[in-house]
Amino acid sequence: MSDRGEGISRREFLNRIALLGSLAACYPVAVIAQKRLQPEAGRLPAWCSEDPWKTLAEVQQHLFPASDGVPGASDIQAVVYLRNTIENPAADGEDKEFLFKGVGWLNELAQKQTQKPFAVLDEQQREMLLREIEQSQAGRNWLSLLLTYLLEALLADPVYGGNPDGIGWTWLEHLPGYPAPPRDKSWYKLGSPVRYQRKA
Amino acid sequence: MTYDFDICIVGSGAGGGPVALTLAEAGYSVVVLEKGPWLKETDFYKDELACCRRSVYTPELSDEQHVIEDLDSSGHWVGEATADSGWDFWNGNCVGGSSNFMSGFFYRLKPRDFHLLSEFGPIEGANIADWPISYADLEPYYTRVETEVGISGAFVDHPQAEPRSTADFPYPPTLEHPVSGQIDKACRELGYHPLPTPRAVLSRAKDQRRSCEYSGYCGSYGCSSGAKGSARAALLDRAVATGRCEIRPHSKVYRLASDAKGKVTAAEYFDVDGEQQTVTAKTFVVSCQAVETSRLLLSSTGPMHPDGLANRYGQVGRNLLFSAGGSGTGDFVYAEMSAKDADAMKTRGPFVNRGLQDWYTLDDKAFGGRAKGGTVDFLLRHPNPIGKAMSVKWDDDDRLVWGQPLQKQLKSLFTESQYLRYEIFCDWLPTDNCFVGLDASVRDKWQTPVAKVRIGYHEHDLKVGRYINERAVKVLDKMGAKNIRSSISGSPPQNLVAGGCRFGNNPETSVLDADCRAHDVENLYVTDGSFMPTGGSVPYTWTIYANAFRVAEIIRG
């Protein structure tokens, strides 16, 4: 993340908020909410430094970039959500296998065309490559699945690891329902035996 | 002979609940076998993943599915397994069944629905039949459901209103959305009669059940306050409290065994571990929702029932009904409204609660004379955000949308407008092309044949739907909606299903007698929507509840 450009960086912003200490109580709720989510948001978890998660996270960033007032893939913790979802106890492993395989295909293509892995390509190169793999059925399914999980990360209940503090809901002015699911009542813990099924 | 129970009920939804409660209260011992889990208020949250995007309340299709037979482009019936198509025909497999997930939009049938054939005459290609009972026979039970299940509403007399034995509903209407007033105004200007929609949702507390808490997420969601009148919250919890009703979840009945005299002797089921179990009873009641009820009877062969229970004349599974009609939608753009109106339109929580029955009976030369029509119900877009967001994932050229174009579309979709819909409910005429059978090759995870459902519709249904649509669409137009679009189709809504075991006086053309007892099996009753020879033009649930109370009294004796 760049420290230049628009005013202050996230890290600086975070530090300033922290310095405010007890004055935080005077801040509007939205700012406080933002403060809470800062330590996690905007950065990728450490386990994203290795593939397949590294490439998956970079693809997510491209599919859902952050910009002024718009939370990006890392802000909505899309990769955390994705990991929780495909590795949860009820997952059948099919999506995980498919997504991981796709990382291999994508990097193979990236190497062939640019001699570099996807993660270091610039935006234009990424767009070209992803539009190219969209031409094949498998590539299209792979991207479609990633987009589905991105939209879920953006708008599912924060209990699943995405949408921290409802950042996606806030961005889209969406009013969630209540009561919200507690951790021990997440969908894969309800009923039994329950297994994983993604619906269209 | 000794039995494990007096009464064994297979399926715990709207057809099973009234029977369990009535008979347990009357002192009978009752067991309810339910395929799914026993989820309670403390398991239901406003979680879109649980309700609508994962198979939590319904089976995984690779474990249990259907085969749907539809016409291909060359006019042949072709079956496709739902695990391949993704077209899920399950509606809620847990204690209380799909009544847990309904939106509780409740209407009674009207007297003429009970004798469609006599009233409007035959239609070529349709197997229309009069019911063996009349509205007057069912009316006391419709009334009983209002208090037992809990229906909130306000009776408004209108030209097509059905008679009722009490002046009004026992619970006042649920809170209403500001848009309801705008619908009323537009309808009245058009000379229509807007009606408050009765709802099986408590507007004030009843026993252990709290009043509706107006989260705005109702249909498709399990209810966490207990306000929704599911068979579980309203009836089964009370049946269990008598101490005489046992509910066995995760109990998948695959066969009803019968003896040399043709009587049902036992329900055979798989328990949660996949072990085969048996329970015996004096009387058996099947209420698994229409498709699965027919499937169970067809699967239950015995010495006197070589083609399945109650199937001596090959009637089981025939004349399956869905609900015909379609829907229309119009956008209300916030930027084109005053700030006050926009805020009102954004309100989340209260129900729209408006319907029209002006065209329940049609009497128009332009249509072709007197005919059965239908009901119109208004509702706002379902608030589910992920489902909504998914609608902009593909562009018009079928390319995936991502990056800033996706984000712009999401922002616009969520923040710039609301849409109002109406849904049209017409009779789905019974025909020879809509039925349930057993599939010859596809099996479920217990290796029993799955139901094959042929989903043909009658062209007349579309004609009725279009006639009503031309009139309903004017309401959106009058309200100033933009981008109005509507469609009438013969595609079956899988959540509105009935028929397959129609009741009647002639054993050769019906499965059940007027008491919903199988013509040729003296201790077997069917109490879900399967009994209906014709479906009427409203959702089925209230009628299923009422009829199940009626049959329960017959069984009680």
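This text gives an overview of the structure that appears in the document. Note that the structure is a prediction, hence the values are computed from the model and not measured.

Glancing now at the state of the cysteines. All names here are of chain B. Summed over all chains, the structure comprises one disulfide over all chains. The disulfide partner of C51 is C52, and the S-S distance across this bridge is 1.8 Å. Its S-S torsion of about -80 degrees marks the bond between C51 and C52 as left-handed, since a negative value means left-handed. Between C212, a free cysteine, and C218, which holds the nearest cysteine sulfur, the sulfur-to-sulfur gap is 6.3 Å.

As for its position among the elements, B:E268 is in strand 8 (residues 264–270). Residues within four places of B:E268 in sequence aside, it is in contact with B:K252, B:V253, B:Y254, B:R255, B:A257, B:Q277 and B:T278.

Here we come to unusual backbone geometry. Residues and elements named next belong to chain A. Note that the residue after D51, namely P52, is joined by a cis bond; omega there is 5 degrees. Mapped onto the elements, P52 comes out in the loop between helix 2 (29–37) and helix 3 (53–63). Following Y178, the chain continues to P179 via a peptide bond in cis, the omega torsion being 0 degrees. Structurally, P179 can be placed in the segment after helix 8 (167–171). Unusually for a residue other than glycine, N163 sits at a positive phi of about 45 degrees. If you trace the backbone, N163 turns up in the loop between helix 7 (137–155) and helix 8.

All names here are of chain A. Across the interface, helix 3 lies against helix 5 (residues 94–114) with an axial gap of 9 Å and an inter-helix angle of 80 degrees. Considering the angle they form, helix 3 stands roughly perpendicular to helix 5. Contacts between helix 3 and helix 5 pair W53, T55, L56 and V59 from the former with L99, F100, V103, L106 and N107 from the latter. Partitioning the contact of helix 3 with helix 5 into residue classes produces seven nonpolar, two polar and no charged.

So, about the nonpolar core. Within the largest apolar cluster, 132 residues are counted, with the highest numbers of intra-cluster contacts made by B:L256 and B:L524. Those residues in contact with B:L256 that sit more than four places away from it in its chain are B:V10, B:V264, B:A266, B:A267, B:F284, B:V286, B:L296, B:S300, B:L309 and B:L524. By size, the runner-up hydrophobic cluster in this structure holds 68 residues, among which are A:L145, A:Y149, B:F44 and B:C94.

Listed by partner, the interface residues are 50 residues for chain B and 52 residues for chain A. Taken together, the two surfaces of chain B and chain A that pack against each other cover about 4600 Å², and 57% of this comes from carbon and sulfur. Taken as a group, B:R54, B:W402 and B:Q407 account for 18% of the area that chain B buries against chain A, more than any other trio of residues on that side. Salt-bridge contacts for B:R54 lead to A:E152; the nearest nitrogen and oxygen are separated by 2.7 Å. There are 22 residue pairs in polar contact (both at pLDDT 80 or more) connecting chain B and chain A. Listed by contribution, the elements that provide at least two residues to the side of chain B that touches chain A are helix 2 (48–53), helix 10 (385–390) and helix 11 (403–415) of chain B. When residues in the side of chain B that touches chain A are grouped by element, the largest group, eight residues, is from helix 11 of chain B.

The α-helix winds at 3.6 residues per turn, so residues separated by three or four positions along the chain end up facing the same way. All names here are of chain B. At R144, helix 5 (residues 135–150) is deflected by roughly 25 degrees, the largest bend along its length. Counting buried positions along helix 5 gives twelve out of 16 residues, so the element sits mostly inside the fold. Those residues of helix 5 that fall on the buried side of the exposure criterion are Y135, L138, E139, Y141, Y142, T143, R144, V145, E146, E148, V149 and G150. Contacts from the buried residues of helix 5 go to helix 1 (17–25), helix 7 (231–241) and helix 13 (541–556).

Once that is clear, we can look at the packing of aromatic side chains. Each aromatic ring pair is summarised here by two numbers: the centre-to-centre distance and the angle between the ring planes. Residues and elements named next belong to chain B. Applying the stated criterion across every chain yields a total of 31 aromatic pairs over all chains. Arranged with centres 5.1 Å apart and planes meeting at 70 degrees, the rings of F105 and F425 form a pair that is edge-to-face. Separated by 320 residues along the polypeptide, F105 in the loop between helix 3 (82–85) and helix 4 (116–120) and F425 in strand 16 (residues 417–427) bring together distant segments of the chain. Of the aromatic side chains, those joined through ring pairs into one cluster are F106, F114, W131, Y135, Y142, F169, F503, F531, W542 and Y545.

Rules used in this analysis
Residues numbered from 1 in each chain as written. Chains lettered and ligands numbered in written order. Predicted model: local features only at pLDDT ≥ 70, side-chain atom pairs only at ≥ 80, totals over all residues. Heavy atoms only, no water. Disulfide = S-S within 2.5 Å. Helix = DSSP H or I, 4+ residues; strand = E, 2+ residues; numbered from the N terminus. Contact = heavy atoms within 4.5 Å. Axes fitted to C-alpha atoms, helices over the stretch in contact; angles between N-to-C directions. Parallel < 35°, antiparallel > 145°, perpendicular 65-115°, else oblique. Nonpolar A, V, L, I, M, F, W, Y, C, P; charged D, E, K, R; others polar. Core = buried A, V, L, I, M, F, W, Y, C linked by side-chain atoms within 4.5 Å. Buried < 20%, exposed > 50% of the residue type's maximum accessible area, 1.4 Å probe, protein only. Buried area = accessible area lost by both parts, 1.4 Å probe. Salt bridge = Lys/Arg side-chain N within 4 Å of Asp/Glu carboxyl O. Polar contact = N/O pair within 3.5 Å; in protein donor to acceptor, adjacent residues only side chain to side chain. Bend = angle between axes of the 7 residues up to and from the residue. Phe/Tyr/Trp six-rings, centres within 6.5 Å; stacked < 30°, edge-to-face > 60°.

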